Amino acid sequence: MAATGQRLRHPRPTVISVHRRSLFCSPPTPKEGARWIRQARTVVGGRVSAVPVVTYALIALNVLAYVGELIRPEIVDRFGMLGAGLVGPDGLHYMWQDVYPADFTPEGLVAGEWYRLLTGAFLHLPPTEGTFGILHIVMNMAALWNLGRTVEHQLGRVRYVALYLLSALGGSVLVLLLAPDVLTVGASGAIFGLGAAYYVMARRLGADMNAVNRFMAGLLLWLVISAGLTSWQGHLGGLLAGGVVTAALAYAPRNRRTLVQAGACAALLVLLVVLTVGKVTALG
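Note that the coordinates shown come from a computational prediction; the quantities given were computed from them, not determined experimentally.

Calculation notes
Residues numbered from 1 in each chain as written. Predicted model: local features only at pLDDT ≥ 70, side-chain atom pairs only at ≥ 80, totals over all residues. Heavy atoms only, no water. Pairing = 2+ DSSP bridges. Helix = DSSP H or I, 4+ residues; strand = E, 2+ residues; numbered from the N terminus. Axes fitted to C-alpha atoms, helices over the stretch in contact; angles between N-to-C directions. Patch = residues over 30% accessible without salt bridge, like charges linked within 9 Å, V, L, I, M, F, W, Y side chains within 5 Å. Areas by Shrake-Rupley, 256 points an atom, 1.4 Å probe, with all protein chains shown as cover. Salt bridge = Lys/Arg side-chain N within 4 Å of Asp/Glu carboxyl O. Buried < 20%, exposed > 50% of the residue type's maximum accessible area, 1.4 Å probe, protein only. Core = buried A, V, L, I, M, F, W, Y, C linked by side-chain atoms within 4.5 Å. Contact = heavy atoms within 4.5 Å. Parallel < 35°, antiparallel > 145°, perpendicular 65-115°, else oblique. Left-handed = near helix turned anticlockwise from the far one by under 90°.

Description of the sheet that holds strand β4 (residues 93-95)
Working step 1: One open sheet accounts for three strands, arranged β4-β3-β5; its pairing is antiparallel. The open sheet is flanked by β4 and β5 (105-107), the only strands paired with a single partner. Averaged over all pairs of adjacent strands, the angle between strand axes in this sheet comes to 40 degrees, irrespective of strand direction.
Working step 2: Taken together, the three bridges between strand β3 (residues 85-87) and β4 define a ladder with antiparallel strand orientation. Residue pairing across strands places Gly85 opposite Met95, the latter belonging to β4.

Structural notes on a nonpolar patch on the surface
Working step 1: A surface patch of nonpolar side chains, about 340 Å² in accessible area, is lined by Val51, Val53, Tyr56 and Trp145.
Working step 2: Residue placement: Val51 occurs in the loop between α1 (30-35) and α2 (53-71).
Working step 3: By relative accessible area, which is 43% here, Val51 ends up partly exposed.

Some words on the nonpolar core
Working step 1: Judged by nonpolar contacts, the single largest core of 45 residues is most densely connected at Leu144, Tyr164 and Leu194.
Working step 2: With nine residues, the top contributor of residues to this core is helix α6 (residues 157-178).
Working step 3: Apart from residues no more than four positions distant in its own chain, Leu144 is found in contact with Thr55, Leu58, Ile59, Asn62, Arg149, Tyr160, Tyr164, Ile191 and Leu194.
Working step 4: Core analysis: the next-biggest nonpolar cluster, separate from the first, contains six residues, Phe192, Ala196, Met216 and Leu223 among them.

Side note on the packing of α2 against helix α5 (residues 135-155)
When two helices pack together, you describe them by how their axes are tilted relative to each other and by the distance separating the axes.
Working step 1: Running from N to C, α2 and α5 cross one another at 165 degrees; their axes reach a closest spacing of 8 Å. Taken together, the axes of α2 and α5 lie roughly antiparallel to each other. Crossing of α2 against α5: the hand is right-handed. Mapping the contact onto sequence places Val53, Val54, Thr55, Tyr56, Leu58, Ile59, Asn62, Val63 and Tyr66 in α2 and Ile137, Met141, Leu144, Trp145, Gly148, Arg149 and Glu152 in α5.

Treat this as a map of the structure, not an account of what it does.
Rendered as C-alpha cells:
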C-alpha cells in the first residue's frame, strides 16, 4: 500500500536533463512534492486509509447508545426498529391490530417514526433482557472490530459508510416486511452485510477462498442456528443488501466506476424505500 502524504526528499540538488542541458534546482518543498504524489486508491476506487476511523466511530456510537440505554431504558422502546405497535393508556406496549380502542396510540413506522429504520441498528439488548443480554453488544462489537477494519481498508471510508448504512437499512426493511410487530435492536444486520462484503471482496481480490469459505459457512450456520433466538429477518436482510452493494462496488467497470457504484446504491435505496412505504401503507 502506498502511504498517503509521503514526502519527496532528496539528499542533494537534483540534476534534470532538459534537451541535453543540465539544470540544477533545489529540492521541492513538501507542499510542492505533495502535488506530484498520486493518492493511493483501493481496488474499488476508494481512498486508502491506514486508520479505520469509520469502524472506530461506529463502535463508539454503539457504545454511547448503550450507555444511554443504561441511563434511560425507555430509549429501546422509543428508538428500536418497529413497524407497527400500540401504546395503551397505561403506558405499556401492545401488539398491533388494525382496529384498536380510541385511548390506544399507534407507534412505530405506522406512526411516522421513520428514523427507527436506522436508530434500531445502533441499539442493543439491555444487560438482563433477552437470551444474550450484555453479550449482544459484546459479540456485535467484536465482530464489527474484526470485519470492519478489513472491509473499510478494502473499500475506503465513503463506500464503507454506504455499505454499512444500506446493510442496516436492508435488515430493518426485511424485518418490517416479515415481522412488522416485533421490536428489534442490534447492529447484526449491518454486520452480516460486512460479512457478505468480506466474501465478495475476497473473490474480487483473488484471495485464498478456503478460509473465506469456512468463514462464510460459519456465518450462514449462525444465521440458521440463531433464528429462534434472534431476528433472522434482520440478519438475512443485511446479508443480502451487503452482498448487492459490494458486488456493485467491486465489479463496476473502471471507466465509469463511480457512476455505476453510486447508481447501484441509489437504486437499492429507492427499492428499500418503495418496499417500506408500501408495507407501511398496507399496515395503516
